Amino acid sequence: MYQKGKTYEEIEIGDKASFSKTITETDIYLFAGISGDFNPLHVDEEYARNTVFGTRIAHGGLAASLLAPVLGMKLPGLGTVALETITKFRKPVYPGDTITCSVEVKNKIPKMKLVEMKILWTNQKGDTIGKGECKVLPPGSSARNET
């Protein structure tokens, strides 16, 4: 049996959660297949050598997708519905990088029972590779047309 995530009432400003994953060659090729993005910058080393990065980089969306296990499995957790995300990419992700996606609750919107969070993606060196924010509907809340 699954345990539902935190409800709107249980969540507090300042609550935090994170998820880390090492981005592998397989992840990059699977993401290309799932997304349909076969840009040679991601899948062709010879092509990528002649770019500003000097080698292949992972899809921005692959690193950004690490938000999903944080929201859906940790905070708020099972039953959460993501309503809006804003992502700003700051640095590339290379095959072999370990990316951590962290969230922190920054605001609660009582009228709609929504939670606003800051998002930060970092690599194994502590470099910020992305930042953003999101609005989520925690489990047990009802989506309303005001959003």
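- With an unreviewed UniProt entry as reference, the protein chain is termed MaoC family dehydratase, source organism Leptospira gomenensis.

### A look at the pairing of strand β3 (residues 98–109)
(1) Moving on: Sheet analysis places strand β1 (residues 16–22) next to β3, joined by seven bridges and oriented antiparallel. Paired with T22 across the strands is T98, a residue of β3.
(2) Moving on: Two strands pair when backbone bridges link them, and β3 and strand β4 (residues 114–122) are joined in this way by nine bridges, in the antiparallel orientation. If you follow I109 over to β4, its bridge partner there is L114.

### Some details on the UniProt feature "domain: MaoC-like" (unreviewed entry) in the protein chain
(1) Moving on: The sites that carry the UniProt feature "domain: MaoC-like" (unreviewed entry) are, in the present numbering, residues 16–117.
(2) Moving on: Across residues 16–117, the secondary structure splits into 31% helix and 31% strand, with the terminal C-alpha atoms separated by 9 Å.

### Describing the pattern of salt bridges
(1) Moving on: If you walk through the whole model with that rule in mind, you get eight salt bridges.
(2) Moving on: Across the salt bridge formed by R56 and E25, the nearest N and O atoms sit 2.3 Å from each other. Taken together, the residues span a long stretch of sequence, with R56 in the loop between α3 (45–49) and α4 (60–64) and E25 in helix α1 (residues 25–35) at a distance of 31 residues.
(3) Moving on: In this structure R56 comes out as buried when scored by relative accessible area, which is 5%.
(4) Moving on: In this structure, E45 engages R56 in a salt bridge whose closest nitrogen and oxygen atoms are separated by 3.5 Å.

### With respect to the nonpolar core
(1) Moving on: Grouped together as the largest cluster of nonpolar side chains are 26 residues, with contacts concentrated most on I23, V103, M117 and W121.
(2) Moving on: Among the elements of the structure, α4, α5 (67–73), β3, β4 and β5 (128–137) are those that each provide at least two residues to this core.

### A few points about the environment of F38
(1) Moving on: Of note, F38 is situated in the loop between α1 and α2 (40–43).
(2) Moving on: For the pair F38 and C134, spaced 96 residues apart in the sequence, the C-alpha separation amounts to 28 Å.

### Brief notes about the side chain of T122
(1) Moving on: Secondary-structure assignment places T122 in strand β4.
(2) Moving on: In contact with T122, not counting residues within four places along its chain, are T98, I99, T100, D127, T128 and I129.

### Here we look at the sheet that holds β4
By way of backbone hydrogen bonds, the strands of a sheet pair with one another, either parallel or antiparallel.
(1) Moving on: Pairing in this open sheet of five strands is antiparallel, and the strands run β1-β3-β4-β5-β2 from one edge to the other. Both edges of this open sheet fall to β1 and β2 (81–89), since each of them pairs with a single strand only. Within the sheet, the average angular offset between the axes of one strand and its neighbour, ignoring direction, is 20°.
(2) Moving on: Here eight bridges tie β4 to β5, and the two strands are oriented antiparallel to one another. Looking at the pairing, W121 lines up with G130 of β5.

### Digging into the state of the cysteines
Disulfides are covalent bonds that link the sulfur atoms of two cysteine residues.
(1) Moving on: By the definition in use, this model includes zero disulfides.
(2) Moving on: The thiol of C101 is unpaired, and the distance to the nearest cysteine sulfur, on C134, comes to 8.3 Å.
(3) Moving on: Taking the relative accessible area as the measure of exposure, C134 reaches 4% and is therefore buried.

### Some words on the packing of aromatic side chains
(1) Moving on: Scanning the model with the defined rule gives zero aromatic pairs in all.
(2) Moving on: In this structure, K108 is placed above the aromatic ring of Y8, and the distance from its NZ or CZ to the ring centre is 4.4 Å.

Parameters and conventions
Residues numbered from 1 in each chain as written. Predicted model: local features only at pLDDT ≥ 70, side-chain atom pairs only at ≥ 80, totals over all residues. Heavy atoms only, no water. Pairing = 2+ DSSP bridges. Helix = DSSP H or I, 4+ residues; strand = E, 2+ residues; numbered from the N terminus. UniProt positions renumbered as here; feature names shortened; annotations may be inferred. Salt bridge = Lys/Arg side-chain N within 4 Å of Asp/Glu carboxyl O. Buried < 20%, exposed > 50% of the residue type's maximum accessible area, 1.4 Å probe, protein only. Core = buried A, V, L, I, M, F, W, Y, C linked by side-chain atoms within 4.5 Å. Contact = heavy atoms within 4.5 Å. Axes fitted to C-alpha atoms, helices over the stretch in contact; angles between N-to-C directions. Disulfide = S-S within 2.5 Å. Phe/Tyr/Trp six-rings, centres within 6.5 Å; stacked < 30°, edge-to-face > 60°. Lys NZ or Arg CZ within 6 Å of the ring centre and 35° of its normal.

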